[in-house]
Amino acid sequence: MAGSILNHLSPYARVLTAVIPFLLAIAIRFIYGKNRATQVLLSISTMWFAVNVLLAPYSAGMQRDIEQVRAWFR
């Protein structure tokens, strides 16, 4: 279910789904200071960002885009 929703997002929306939770976690940490809850929230959002960035090239749409770029240089 979640995978099919993410497949229909534009590239900009995909970037926002990776960046916004991370920025919110940083903002919450600035507001509430360094405590266990903000550390956990920041860790989870960092993992979410990393998974989105590292797995994006393996999606079907990104593979097509990479192939198009390779075709330009042939």
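For clarity, every value in this text was computed on a predicted model and none was experimentally measured. (Residues numbered from 1 in each chain as written. Predicted model: local features only at pLDDT ≥ 70, side-chain atom pairs only at ≥ 80, totals over all residues. Heavy atoms only, no water.)

**Student:** What exactly am I supposed to notice about the overall build of the protein chain here?
**Tutor:** Check the secondary structure of the protein chain and you find four helices and zero strands. Moving toward the C terminus, one meets the helices and strands of the protein chain in the order α-α-α-α. Classification of the 74 residues of the protein chain by burial places 8% in the buried group. Here the protein chain has roughly 6,100 Å² of accessible surface; of this, 72% comes from carbon and sulfur atoms. (Helix = DSSP H or I, 4+ residues; strand = E, 2+ residues; numbered from the N terminus. Buried < 20%, exposed > 50% of the residue type's maximum accessible area, 1.4 Å probe, protein only. Areas by Shrake-Rupley, 256 points an atom, 1.4 Å probe, with all protein chains shown as cover.)

**Student:** Please explain the side chain of S45 as it appears in this structure.
**Tutor:** Relative to the elements of secondary structure, S45 occurs in helix α3 (residues 36-55). Residue classification places S45 among the buried residues on the basis of a relative accessible area of 5%. Look past the residues within four positions of S45 in its chain and what remains in contact with it is P21, F22 and A25. (Contact = heavy atoms within 4.5 Å.)

**Student:** Please explain the side chain of T38 as it appears in this structure.
**Tutor:** Here T38 is to be found in helix α3. In this structure T38 comes out as buried when scored by relative accessible area, which is 5%. A polar contact of 3.1 Å, which involves the side chain of T38, links it to the backbone oxygen of G33. Ignoring anything within four residues of it in the chain, the contact list for T38 reads I28, R29, Y32 and G33. (Polar contact = N/O pair within 3.5 Å; in protein donor to acceptor, adjacent residues only side chain to side chain.)

**Student:** Looking at this structure, I do not really get a nonpolar patch on the surface. What am I missing?
**Tutor:** The grouping of L16, I20 and L24 at the surface amounts to a nonpolar patch, some 270 Å² of accessible area in total. As for its placement among the helices and strands, L16 is situated in helix α2 (residues 11-32). (Patch = residues over 30% accessible without salt bridge, like charges linked within 9 Å, V, L, I, M, F, W, Y side chains within 5 Å. Salt bridge = Lys/Arg side-chain N within 4 Å of Asp/Glu carboxyl O.)

**Student:** I would appreciate a short explanation of the environment of R29 in the present structure.
**Tutor:** Summarising the element assignment, R29 is placed in helix α2. What R29 contacts, discounting residues up to four positions off in sequence, is K34, T38, Q39 and L42.

Scope: geometric values only; no functional claims are made or implied.
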